[in-house]
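Remarks on the overall topology
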Amino acid sequence: MSWTNRLFNLFRRERVDAEAEEEVQFHLVARLEENLARGMSLEDARRDAARRFGGELHARERSRDADLVVWLDTLARDVRYALRNLAKNRGVTMVAAFSLALGIGANTAIFSAIRAVLLRPLPYAEPGRLAMLWMDNRRLGLHEDLTSFPNYEDWKKNRVFEDLAGFVPSAVILSGLEEPARIPAAAVTWNFLPVLGVSPILGRNFTAEEDQAGQAQVVILSYGLWQRQFGGDRHVVGKTIEIGNKPYAIVGVMPADFAFPAKDSQLWRPLGLTPAARASRGGYFLSVIGRMKRGVTNERARAEMAAVGARLEAQYPDSNKGYGVWVVPLLDQVVGTMRQALLVLLGAVAFVLLIACVNVANLFLGRGAARGREIAVRAALGAGRARLVRQLLTESAVLSLFAGLLGLAMAFFGIRGLVLLAPKELPRLDQIGIDAPVLAFTLAVSVAAAIFCGMLPALRVSGVDLNDALREGGRSTAGGKRSRYMRSALTVAEVALSMILLTGAGLMIRSLLSLQSIQPGFRTENVLTWRIAPSRTKFPSRPQVVGFYADLLQRVQSIPGVLGAGAITDIFLSETPNSGSFSVEGHPDPPPEQQIEATRDTISPNYFQAMGVPLIRGRFFNEHDGQDSTPVVIINETMARRFWPGEEAVGRRFTFGGAGPNAPWMTVVGIVADTRRQGLEKLARCETFLPMTQRPAIGMAVVVHTASDPAKAVGPVRDAARALDKSAVMFERSTIAEHIGESLSQRRFQTLLLGLFSLLALVLAAVGIYGVVYQSVSQRTNEMGIRVALGARRSGLLGMVLGETLGLVGLGALLGGAAALALSRTLSSFLYAVTAADPLTYAAVMLLLLMAGVFASLIPARRATAVDPMQALRYE
Amino acid sequence: MRTHTNDRLQGTLDLLVLKTLASRGRMHGYGITLHIEQISEDILRLEEGSLYPALHRMTQAGWLRAEWGSSEKNRRARYYSITAAGRRQLAEEEKHWAQLTEAVARVLRFA
């Protein structure tokens, strides 16, 4: 050999190695075959071949695996080999990579949401030690009720919390601008920021003195407000800002990422309670956050505070009977029901990925079969089973990593879609993105997928029965019984997984449909809602405010296209609505823990007409219900049924607070139909409505029933309000339809995604069934040919193939149905008007899967049964 | 001319391979093994593993030419054939072998 060749060989070293190895392999295989042909047992044949070759063989294999350089070398060779193999079957590879990529992409997108919403630490010092403390209202079964200041002070006497802080989320009116603006704010105890462990970036925190009633008027601004109102002025501290026409001194500015208690809190001021408010144990208005001592677990905090609550209950039975203390870790509070929703979705995408993996594993099994003989022989020679598994795993790893990259690209777009679809109230949504942990997750998922896809076929193929493999004379081993069983099992598995997902989605869709078909009891179309509050300076007294609303409603009513207008303090009820206990005339008061509270709202005379709520009995309010006439009230049906069952409630009297000689008895003049004001899924509670003339309210929401698109009324309504009061504050403009849409947005989001993922699962499973049937019938071409030659009818053959497939699909659907039954319990909190075991959903999903099964197997089955018997036989 | 001072055995293997290829043409390693076994009626049994280093060495020395082809069973195998230099070497080796066996025979006859 010339020196040029030698030089060339230096660069080709690894190729020379590979060739040498292949040569040896050839030799050993040839010897093995000859030995087998002579009738030696496999074990003898292998030992003989190895003995004749000499000791070098095994030594070489061993040293290869030990040497890192060689190991890397081998890896590079495996990768190149894998690439060649994958490129050879480009179509199959693309289908496999694409399905894997869909699975990986979906997982990445959902994980990025989970990371942003559930995993990312809150922007406070040691956020894990923060928790919210609530009154556990056992009377109403309401765990997160507000507390009173004396209770808050007593809660501080415990061994688990370093300190507690109280706050009241409220809005303030920024005046002194061209148009007054209402901004979300909070009134807080002076130690609020120290408990959260956050300091202002400019200025200082409040002092204890500033937190006294009637003390200096001071505020701390949010970063956003500082930027917007003061252009980020570094010397803003000491300047003033006008709130409700009074100047407040700015003492500090918070960092940009600080937003508590609400996502959009923009201003903080001291609570500054009056001595009376500080002393009222029955006045529930305060939210409480606490910082746990280091090393205190949530469980311990919960137990300790429950004990504190029980002590207070015994000490102050009048106010505290039936109330405990409820501790919620802050992250749980922020995330709320989204945790379970996101985890369910993560489960769903994991299933999708599993189905994709099963498809790829099946594909590899089929392809492995084609290479089965080569691999079997190498395995027989003891050429390192680990080495063979590695070779096959490299192939699936290359495929998975490619799919991972593709999936990452899909996730990038998926996340955008996710953000668009997500309900607005989803916390920390703005932080969703692909960052290092998300990338690590994607990589981990891809590797896991690679192992899952590759391991089964690798073990299967490398563990192949050599006698069969070698004696079949070059025919593939895929027809082997064990291989067929495995592929059948995988098919059953993917159908079962799809069944689980589809069932979950089906139940969610049924729930959403039943919710959407609910009639809330009020008008849902063409109703504009707008909170409008007159300025205090122009309308200082309550009667003046009532006058403002009366005039406003009259003006609005006369706007062309407006069919009706009314006002109410709260159109919808929150979890903790304004409510109170009351005494019914002629009924003895029940013990405090059995008392039922009724909500209290102030309305204008025409409110119910504008909202389309029917009157059941009695009358609506009218102009005769004045300040000096008999106090009157309208109640809803639920309240009438509950307190005057089988009796006429109209004309009866009750009073909020305790009955006494001076109690202002209110006479029921009307009963209105129940409405779902607390959310579509909640039944009405006991509700009372008082006329604004008798119980004036400062801020009310105006509802305007329009003949057509309510947006058209916006301008005229604004003009009407401005004509009465130039500085009236107008906010929260919406429509009833939008309110209802928003109340369903989380459910719609969840249902849509779950539906999307289960559809993906269905498609992947169908592709998988197609592939399995295709490979299985093409391996049985000659069987088909023989059957046809023996006179079998083609339709019979088709039926046979379809029957086999449907058997597998049916089995998978049954297994999946059983698993879904067990798993759908995790969904039950999301379900409405449908049980987790809803037979209709299960039957429909099963039918859908069977249809998908027929559809997926029909094409390959027809192709195979249309075979020409002569040609099929020639294949032998 | 190469001298074979202490590696007679290697020379023997070279001789057998060269002779086989010279008489049978293009063959793969396994074929060479079988041929030598058959002709010698299983008396000469190679340690098969040592055949390949010898083949590669002789290829590098330019006595053999190696090329990939497909076997009777349609599998990839490396085929060797003898070159002109190989034939010269074979003649050389044969001469040596004859000299050696003659020498040994003489010793056996007269010692």
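Residues numbered from 1 in each chain as written. Chains lettered and ligands numbered in written order. Predicted model: local features only at pLDDT ≥ 70, side-chain atom pairs only at ≥ 80, totals over all residues.

Here we come to the overall build of chain B. Counting secondary structure elements, chain B contains four helices and three strands. Each helix and strand of chain B, placed in order from N terminus to C terminus, yields the pattern α-β-α-α-β-β-α. Relative to its 111 residues, chain B shows a buried fraction of 25%. A separation of at least 24 residues holds for 47% of the contacts in chain B among residues at least 6 apart in sequence. (Helix = DSSP H or I, 4+ residues; strand = E, 2+ residues; numbered from the N terminus. Buried ≥ 20, exposed ≤ 12 C-beta atoms within 10 Å, placed from the backbone. Contact = placed C-beta atoms within 7 Å.)

To continue, consider the overall build of chain A. Scanning chain A for helices and strands turns up 29 helices and 23 strands. The 876 residues of chain A split such that 42% are buried. For chain A, contacts bridging at least 24 residues in sequence account for 82% of all contacts bridging at least 6.

It is worth spelling out the domain arrangement of chain A at this point. Split by domain assignment, chain A resolves into domain 1 (140-321), domain 2 (479-520 + 742-876) and domain 3 (539-724). Along the lines of polarity and charge, the residues of the side of domain 2 of chain A that touches domain 3 of chain A split into four nonpolar, one polar and no charged. (Domains from an automatic or database assignment. Nonpolar A, V, L, I, M, F, W, Y, C, P; charged D, E, K, R; others polar.)

This part takes up the nonpolar core. Side chains of nonpolar character tend, in soluble globular proteins, to be buried together. All names here are of chain A. Core analysis: the biggest nonpolar cluster contains 118 residues, and Val702, Val703 and Val704 have the highest contact counts within it. Of all the elements, strand S3 (residues 161-174) adds the most residues to this core, at eight residues. Viewed by domain, this core spans two of them, domain 1 (140-321) and domain 3 (539-724), each represented by three or more residues. Leu100, Ile415, Leu764 and Val773 belong to the second-largest nonpolar core, a separate cluster that totals 100 residues. (Core = buried A, V, L, I, M, F, W, Y, C linked by C-beta atoms within 7 Å.)

A few words on the packing of helix H20 (residues 542-557) of chain A against helix H23 (residues 714-724) of chain A. Residues and elements named next belong to chain A. Across the interface, H20 lies against H23 with an axial gap of 9 Å and an inter-helix angle of 145°. Between H20 and H23 the crossing geometry is right-handed. Every residue of H23 that contacts H20 at Phe548, Asp551, Leu552, Arg555 and Val556 is listed here: Val717, Ala720, Ala721 and Leu724. In terms of residue class, the contact of H20 with H23 is built from seven nonpolar, no polar and two charged. (Axes fitted to C-alpha atoms, helices over the stretch in contact; angles between N-to-C directions. Left-handed = near helix turned anticlockwise from the far one by under 90°.)

What follows covers the packing of helix H2 (residues 29-39) of chain B against helix H3 (residues 48-60) of chain B. Residues and elements named next belong to chain B. Across the interface, H2 lies against H3 with an axial gap of 10 Å and an inter-helix angle of 120°. Taken together, H2 and H3 sit at an angle that is classed as oblique. Seen along the crossing, H2 lies across H3 with a hand that is right-handed. Contact with H2, carried on its side by Gly29, Ile32 and Thr33, involves Glu48, Leu51, Tyr52 and Leu55 of H3 and no other residues of that element. Among the residues forming the contact of H2 with H3, the class breakdown is four nonpolar, two polar and one charged. (Parallel < 35°, antiparallel > 145°, perpendicular 65-115°, else oblique.)

Attention now moves to the pairing of strand S1 (residues 130-137) of chain A. Residue and element names in this part refer to chain A. A large share of S1 lies buried, amounting to seven of its eight residues. Where S1 and strand S10 (residues 287-292) come together, four bridges link them in antiparallel fashion. Within S10, the residue paired with Ala131 across the bridge is Gly290. Pairing of S1 with strand S11 (residues 323-329), which is carried by seven bridges, proceeds in the antiparallel orientation. Residue pairing for S11: Met135 is matched across the bridge by Val325. Where S1 meets strand S2 (residues 142-145), two bridges bridge the pair, whose relative direction is antiparallel. Its bridge partner being in S2, Asn137 is matched across the sheet by Leu142. As consecutive antiparallel partners, S1 and S2 are separated by four residues, and within that stretch Gly141 has a phi angle of approximately 65°, a positive value. (Pairing = 2+ DSSP bridges.)

Counting residues at the interface gives 13 residues for chain B and 15 residues for chain A. Elements with a contribution of two residues or more to the side of chain B that touches chain A: H2, H3 and strand S3 (76-82) of chain B. Considering each element in turn, the side of chain B that touches chain A owes the most residues, five residues, to H3 of chain B. Among the residues making up the side of chain B that touches chain A, the classes are represented as three nonpolar, five polar and five charged.

Okay, unusual backbone geometry next. All names here are of chain A. Note that the residue after Phe260, namely Pro261, is joined by a cis bond; omega there is 10°. With respect to the helices, strands and loops of the structure, Pro261 is situated in the loop between strand S8 (246-253) and strand S9 (267-270). Positive phi outside glycine occurs at Glu126, with the angle close to 40°. Within the element layout of this structure, Glu126 appears in the loop between helix H6 (90-119) and S1. When the 12 C-beta atoms within 10 Å are taken as the criterion, Glu126 is described as exposed.

All of the buried residues in H2 of chain B are Gly29, Tyr30, Gly31, Ile32, Thr33 and Ile36 of chain B. Positive phi appears at Glu41 of chain B, one or two residues downstream of H2 of chain B, with a value of about 50°.

Moving on, we come to the environment of Lys88 of chain A. Along the polypeptide, Lys88 of chain A turns up in helix H5 (residues 68-88). As for Lys88 of chain A and Val650 of chain A, which are separated by 562 residues in sequence, their C-alpha atoms are 85 Å apart.

Residues and elements named next belong to chain B. An order of S1-S3-S2 is seen for the three strands of this open sheet, with the pairing classed as antiparallel. One side of each edge strand has no neighbouring strand; the edge strands of this open sheet are strand S1 (27-28) and strand S2 (64-70). Note: S2 against S3, seven bridges, orientation antiparallel. Its bridge partner being in S3, Ala66 is matched across the sheet by Tyr80.

Our focus in this paragraph is the confidence of the model for chain A. All names here are of chain A. Here chain A shows a mean pLDDT of 85. Residues at 70 or above account for 89%. Note that residues 6-13 has pLDDT below 50 and, in this model, two contacts with residues that lie over four places away or in other chains. A low-confidence stretch, residues 471-479 (pLDDT under 50), is modelled with 19 contacts involving residues beyond four sequence positions or located in other chains. (pLDDT = per-residue confidence, 0-100.)

Considering every residue of chain B, the mean pLDDT works out to 81; 88% of them sit at 70 or more. Listed scores for the predicted complex are pTM 0.73 and ipTM 0.84.

For the rest of this paragraph, the subject is the environment of Cys453 of chain A. All names here are of chain A. Secondary-structure assignment places Cys453 in helix H17 (residues 436-462). Assessed through the 29 C-beta atoms surrounding it within 10 Å, Cys453 is described here as buried. For the pair Cys453 and Ser400, spaced 53 residues apart in the sequence, the C-alpha separation amounts to 8.7 Å. Apart from the residues within four sequence positions on either side, Cys453 is in contact with Cys357, Val360, Ala361, Phe364, Ser396 and Ser400.

Looking now at the environment of Asp551 of chain A. Residue and element names in this part refer to chain A. Locating Asp551 in the fold gives a position in helix H20. Asp551 gets classed as partly exposed once you count the C-beta atoms within 10 Å, which come to 16. As for Asp551 and Glu126, which are separated by 425 residues in sequence, their C-alpha atoms are 53 Å apart.

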